[in-house]
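# Notes for the structure review
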Amino acid sequence: MSGIAAGAPAARHALGWNRRKLGDHVAGWSFAGPATLILLGFSLVPMAWALALSFTDSDLMRAGTNVGAANYQALLQDPVFFQALRNTGLIVVLYLPASLVIGLTVAVLLNRKVRGIGFYRTCFLVPYVVSATSVGLLMGYIFDRDFGLLNGVLATLGLPVQGLLGSPSQAMLVLTAVFLWTRFGFTVVIYLAAIQEISKEVLDAAAIDGAGRWSTFRHIIVPSVRPMTIFLAVWGLIDALQFFDLVMTTTQGGPANSTVTIVYYVWQLVFKFSAAGYGAAVAYTLFAGMLLLMLLGGLVVLLRRRARA
């Protein structure tokens, strides 16, 4: 009897602990449940449906028949797909390094205590928060080959007018420059926050030791913001691979498919040419490429960390 009496408090304690644990789970899922349902309903389920769609010849109006891997095999003979792949790669190569370098440089300049610094910081952030559609319409007016503001200024100055958005060799470069202008404000904000987290004692010690601005930038600021650089590189890569808005509102892929990107090509296939199955195959090819790049990038970072250790 004494053993039972002694074990009763322990049993009650365990039962109370289990009830509290169950209550914590219920409370937690009551907060996380709606977001989880939204994630499943608007992300994972459509992804699974699109994967199944990529193995059919559906046009979204009918289910279509199973064609196996024919859509993926057709990509190998699709010149527009390879053109879109080259255009998307060009955006990544031009945009990503420029965004990181210019973003860090501007962030360092905006970290100074000067009159009106809040206004300057706002000016660099505004293009990022402005609607992409508004930017596209504005830039279409500025860089139009025949009626654009820029060519009007060049003609007034007696300089040769340029093809700009009407030139197959210049249109992609113009769109990349506009894309950089609209997106690097986010990079500036992230870098600025990271720079302001650097210990003032470290910067003061470097100044006492005679470190100049370049030495401080190279040996203190750049290493200190390296985690943010990795984050921004991944973010920028995903952003560039999904380049769509400016193409849609300015060139519609022209001239001569010189500005067709992977995402815009998917839109064309699905909603313009009613080739939803083939468009889904293109989209999943992009997804596989992005996943491979992320894995390779993570592997490189891991190997470097192990090498330093």
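Scroll up a little and you will see the structure.
In what follows, the accompanying structure is described.

Criteria and cut-off values
- Residues numbered from 1 in each chain as written.
- Predicted model: local features only at pLDDT ≥ 70, side-chain atom pairs only at ≥ 80, totals over all residues.
- Heavy atoms only, no water.
- Helix = DSSP H or I, 4+ residues; strand = E, 2+ residues; numbered from the N terminus.
- Rg over C-alpha atoms; globule rule 2.2 N^0.38 Å.
- Buried < 20%, exposed > 50% of the residue type's maximum accessible area, 1.4 Å probe, protein only.
- Contact = heavy atoms within 4.5 Å.
- Phe/Tyr/Trp six-rings, centres within 6.5 Å; stacked < 30°, edge-to-face > 60°.
- Salt bridge = Lys/Arg side-chain N within 4 Å of Asp/Glu carboxyl O.
- Patch = residues over 30% accessible without salt bridge, like charges linked within 9 Å, V, L, I, M, F, W, Y side chains within 5 Å.
- Areas by Shrake-Rupley, 256 points an atom, 1.4 Å probe, with all protein chains shown as cover.

Right, let's talk about the overall build of the protein for a bit. Scanning the protein from N- to C-terminus turns up 13 helices and zero strands. Secondary structure of the protein in N-to-C order comes out as α-α-α-α-α-α-α-α-α-α-α-α-α. Here the C-alpha radius of gyration of the protein, 27 Å, is well above what a compact globule of 309 residues would show, namely 19 Å. The dimensions of the protein, computed from C-alpha atoms along their principal axes, are 105 × 75 × 40 Å. Out of the 309 residues in the protein, the part that is buried amounts to 31%. Counting contacts in the protein only where the partners sit at least 6 residues apart, residues at least 24 apart contribute 66% of the total.

Using the criterion set out here, one finds 13 aromatic pairs in the structure. When the ring of Tyr95 is compared with that of Phe179, the centres are 4.6 Å apart and the planes differ by 45°; the resulting orientation is tilted. Residue Tyr95 is located in helix H3 (residues 79–110), and its partner Phe179 is located in helix H7 (residues 171–196); the two are separated by 84 residues in the primary sequence. Of the two residues examined, Tyr95 and Phe179, each falls in the buried class. The interplanar angle of 35° and the centroid separation of 6.0 Å between the aromatic rings of Phe244 and Tyr264 together place this pair among those described as tilted. Separated by 20 residues along the polypeptide, Phe244 in the loop between helix H10 (226–241) and helix H11 (245–249) and Tyr264 in helix H12 (residues 262–272) bring together distant segments of the chain.

Here we take up the pattern of salt bridges. Overall, the coordinates contain two salt bridges when judged by the stated rule. Between Asp146 and Arg145 there is a salt bridge, with its nearest N and O atoms 3.7 Å apart. Between Arg183 and Asp239 there is a salt bridge, with the nearest N and O atoms lying 2.8 Å from each other. With Arg183 in helix H7 and Asp239 in helix H10, the pair connects residues that are 56 residues apart, well separated along the chain. Residue Arg183 is classed as partly exposed on the basis of its relative accessible area, which comes to 21%.

With that settled, consider a nonpolar patch on the surface. On the surface, a cluster of nonpolar side chains totalling about 830 Å² of accessible area is made up of Leu37, Leu39, Leu40, Leu44, Val45, Met47, Phe287, Leu291 and Leu295. Elements represented by at least two residues in the nonpolar patch include exactly helix H1 (2–53) and helix H13 (276–308). Looking at the nonpolar patch, the element that brings in the most residues is H1, giving six residues. For Leu37, the position within the fold is in helix H1. The exposure class assigned to Leu37 is exposed, which follows from its relative accessible area of 61%.

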